[in-house]
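Close look at the chain arrangement
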Amino acid sequence: MNTQQNRSETEVLSGNIYIFQAFDIGDDINLEGIRHAGNIAIMPLSLPKYFKKYHMPLAIEPPPFSAHCISVKLHSFGALSLTYKTPFVDTLHNLRKNFNDIVYSFKDQSLTDAKTIFKKVEHQVVKANFFDIRSTYVLIQVNPQPDRLDLKQFQSEYNNIIASTLRFETEILSEEQTKEILASAVGYFRGERVIIDTDAAFAYDETYEEILDLLEFANIQRLELQYFDRVLDQQLNRIYAREVKKLPISSYIPLISLLSKSPTDMLSQLKVDISVIIERLENSIKLSGEPYFTELYNLLVDKLDLISWRTSIERKLSIVQDIQNIYQHKIDATREDTLSVLIVILILIEVVVATLDYLK
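Report on the accompanying structure.

Rules of the game
Residues numbered from 1 in each chain as written. Predicted model: local features only at pLDDT ≥ 70, side-chain atom pairs only at ≥ 80, totals over all residues. Heavy atoms only, no water. Pairing = 2+ DSSP bridges. Helix = DSSP H or I, 4+ residues; strand = E, 2+ residues; numbered from the N terminus. Contact = heavy atoms within 4.5 Å. Axes fitted to C-alpha atoms, helices over the stretch in contact; angles between N-to-C directions. Phe/Tyr/Trp six-rings, centres within 6.5 Å; stacked < 30°, edge-to-face > 60°. Core = buried A, V, L, I, M, F, W, Y, C linked by side-chain atoms within 4.5 Å. Buried < 20%, exposed > 50% of the residue type's maximum accessible area, 1.4 Å probe, protein only. Parallel < 35°, antiparallel > 145°, perpendicular 65-115°, else oblique. Nonpolar A, V, L, I, M, F, W, Y, C, P; charged D, E, K, R; others polar. Salt bridge = Lys/Arg side-chain N within 4 Å of Asp/Glu carboxyl O. Expected span 1.5 Å × (residues − 1). Patch = residues over 30% accessible without salt bridge, like charges linked within 9 Å, V, L, I, M, F, W, Y side chains within 5 Å. Areas by Shrake-Rupley, 256 points an atom, 1.4 Å probe, with all protein chains shown as cover.

With that settled, consider the sheet that holds strand 1 (residues 13-24). Pairing within the open sheet is mixed, and its eight strands lie in the order 3-4-5-1-7-10-9-8. Every interior strand has two partners, whereas the edge strands, strand 3 (58-60) and strand 8 (185-186), have only one. As defined by bridge partners, strand 8 adjoins strand 9 (residues 193-196) across two bridges and the pair is classed as antiparallel. Considered in strand 9, the bridge of Ala 185 is made with Ile 195. Against the sheet, helix 4 (residues 151-166) engages strand 1, strand 7 (133-142), strand 9 and strand 10 (200-204), with an angle of about 165 degrees to strand 10. Against the sheet, helix 8 (residues 291-303) makes contact with strand 7, strand 8 and strand 9, and its axis sits at roughly 25 degrees relative to strand 9, the strand it touches most.

Take the packing of aromatic side chains next. Taken as a whole, this structure holds 12 aromatic pairs when the rule is applied. The interplanar angle of 80 degrees and the centroid separation of 5.2 Å between the aromatic rings of Phe 23 and Phe 131 together place this pair among those described as edge-to-face. Of the two residues, Phe 23 is situated in strand 1 and Phe 131 in the loop between strand 6 (125-126) and strand 7; the sequence distance between them amounts to 108 residues. Through a chain of ring-to-ring contacts, the aromatic side chains of Phe 23, Phe 118, Phe 130 and Phe 131 assemble into a single cluster.

Our focus in this paragraph is unusual backbone geometry. Note the cis peptide between Phe 130 and Phe 131, where omega equals -10 degrees. Despite not being glycine, Phe 168 has its phi angle at roughly 60 degrees, a positive value. The backbone of Asp 305 sits at a positive phi, close to 60 degrees, despite the residue not being glycine. Looking at where Asp 305 falls in the secondary structure, it is placed in the loop between helix 8 and helix 9 (306-359).

Moving on: the nonpolar core. Side chains of a nonpolar character, in soluble globular proteins, are inclined to be buried together. Residues Leu 139, Ile 196 and Leu 296 are the most contacted members of the largest nonpolar core, which totals 53 residues. Of all the secondary-structure elements, those providing two or more residues to this core are strand 1, strand 7, strand 9, strand 10, helix 6 (209-240), helix 7 (263-282), helix 8 and helix 9. Among the elements that make up this core, the one with the highest residue count is helix 6 (15 residues). Judged by nonpolar contacts, the second largest core, of 45 residues, contains Phe 23, Ile 25, Cys 69 and Phe 118.

Between helix 4 and helix 5 (residues 175-182), whose axes approach to 9 Å, the crossing angle comes to 85 degrees. In terms of orientation, helix 4 lies roughly perpendicular with respect to helix 5. For the pair helix 4 and helix 5, the contacting residues are Asn 159, Asn 160, Ala 163 and Leu 166 in the first and Thr 178, Ile 181 and Leu 182 in the second. Of the residues that constitute the contact of helix 4 with helix 5, the class distribution is four nonpolar, three polar and no charged.

Let's shift gears to the pattern of salt bridges. Summed over the entire model, instances satisfying the criterion amount to 10 salt bridges. Of the charged contacts, one joins Arg 167 and Asp 197 as a salt bridge, the two residues approaching to 2.6 Å between their closest N and O atoms. One end of the pair, Arg 167, is in the loop between helix 4 and helix 5; the other, Asp 197, is in the loop between strand 9 and strand 10, and 30 residues separate them in sequence. For Arg 167, a relative accessible area of 23% gives the class partly exposed. Here Asp 233 ties to Lys 316 by a salt bridge, and the two come within 2.7 Å at their closest N and O atoms. Placement of the pair is Asp 233 in helix 6 and Lys 316 in helix 9, with a sequence separation of 83 residues. Accessibility expressed as a relative area gives 30% for Asp 233, which makes it partly exposed. Since its relative accessible area comes to 11%, Lys 316 is described here as buried.

For the rest of this paragraph, the subject is helix 6. Helix length check: helix 6 (32 residues) gives 47 Å between terminal C-alpha atoms against 46 Å at 1.5 Å per residue, within 8%. Helix 6 sits mainly inside the fold: 24 of its 32 residues count as buried.

A cluster of nonpolar side chains, namely Leu 339, Val 341, Leu 342, Ile 343, Ile 345, Leu 346, Ile 347, Ile 349, Val 351 and Val 353, defines an oily patch on the protein surface of about 870 Å² accessible area. If you trace the backbone, Val 341 turns up in helix 9.

The next point concerns the environment of Leu 225. Mapped onto the elements of the fold, Leu 225 is located in helix 6. Other than its neighbours up to four places away in sequence, Leu 225 contacts Ile 278, Leu 306, Trp 309, Arg 310 and Ile 313.

Let us now look at the packing of helix 8 against helix 9. Two numbers describe how helix 8 lies on helix 9: the axes approach to 5 Å, and their chain directions differ by 60 degrees. The orientation of helix 8 relative to helix 9 falls into the category oblique. Of helix 9, the residues touching helix 8 (which contributes Tyr 297, Leu 300 and Val 301) are Leu 306, Ile 307 and Arg 310. When the residues that make up the contact of helix 8 with helix 9 are grouped by side-chain class, the tally is five nonpolar, no polar and one charged.

See the structure below:
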């Protein structure tokens, strides 16, 4: 243990820290409008082959005076993603000690940068709002040094400090927690290792660039799933608190009801919007034939708890569907009753008219 502590405190390593920041800034972004507006520079975009070519984001220039921001992307479903890169040459002991401060400093920087970008694109955003929710993910990348120590030695001597750093802790974690974190370690080439955890990942790898887009994409998925979960919570809370407007009389009258929006229409639109964007997110990448990236992505889905978020959204969408059905059944029943009353009134009118004719 003392050998490990001494080495982590004295051996200087080099690498980079990547911070992925994602903001939800509205319901929809007109990417073509931004492309042709001319007030912001468009950057070339090259995505890995496992990303599908439709629904591609729009890459724009980073904000001025933000030296560490290496990528800014706008997504049509209302998301803004920023990636920061800061190199380090230090011991892992010092890195762990300063890790929280580094990450939070970039959280503050990203807030300033995102606000600057938002002001330039706000006129092209439907229901623009800065911001509803944000999501952060971090990658620590260390350059391998096989001439000084091989992967087996590196893991033996640094696993504990890596595990605690990924959890933003400054002390060594319990053996159980450390084993749980390290269980998600994968590698493609010999001497390389990537560890995926809930809010950060670690890469002992020199050819790590291909996984950056995958980490950024998973962070955006988490952002959107959390956002939709919150939107559904707000809608359901309104329903539970009986704040949803009662159906207007026009909703019960055929044809006339088409001229106005009812709570049923709004619930239907909400359900469609969420379902479409979730489908778009889930089908933006195609990992068949890419076993390594498939394994990485599955680990991200597990560690970022994306399946639980999807399950929560599906359950709440099911409740929305039930409420929509109740509204619709009420409308249908009232329309039938109205039609029955109208028929009775017409019959009465005919009886009265016939009676008056007879009395004449």
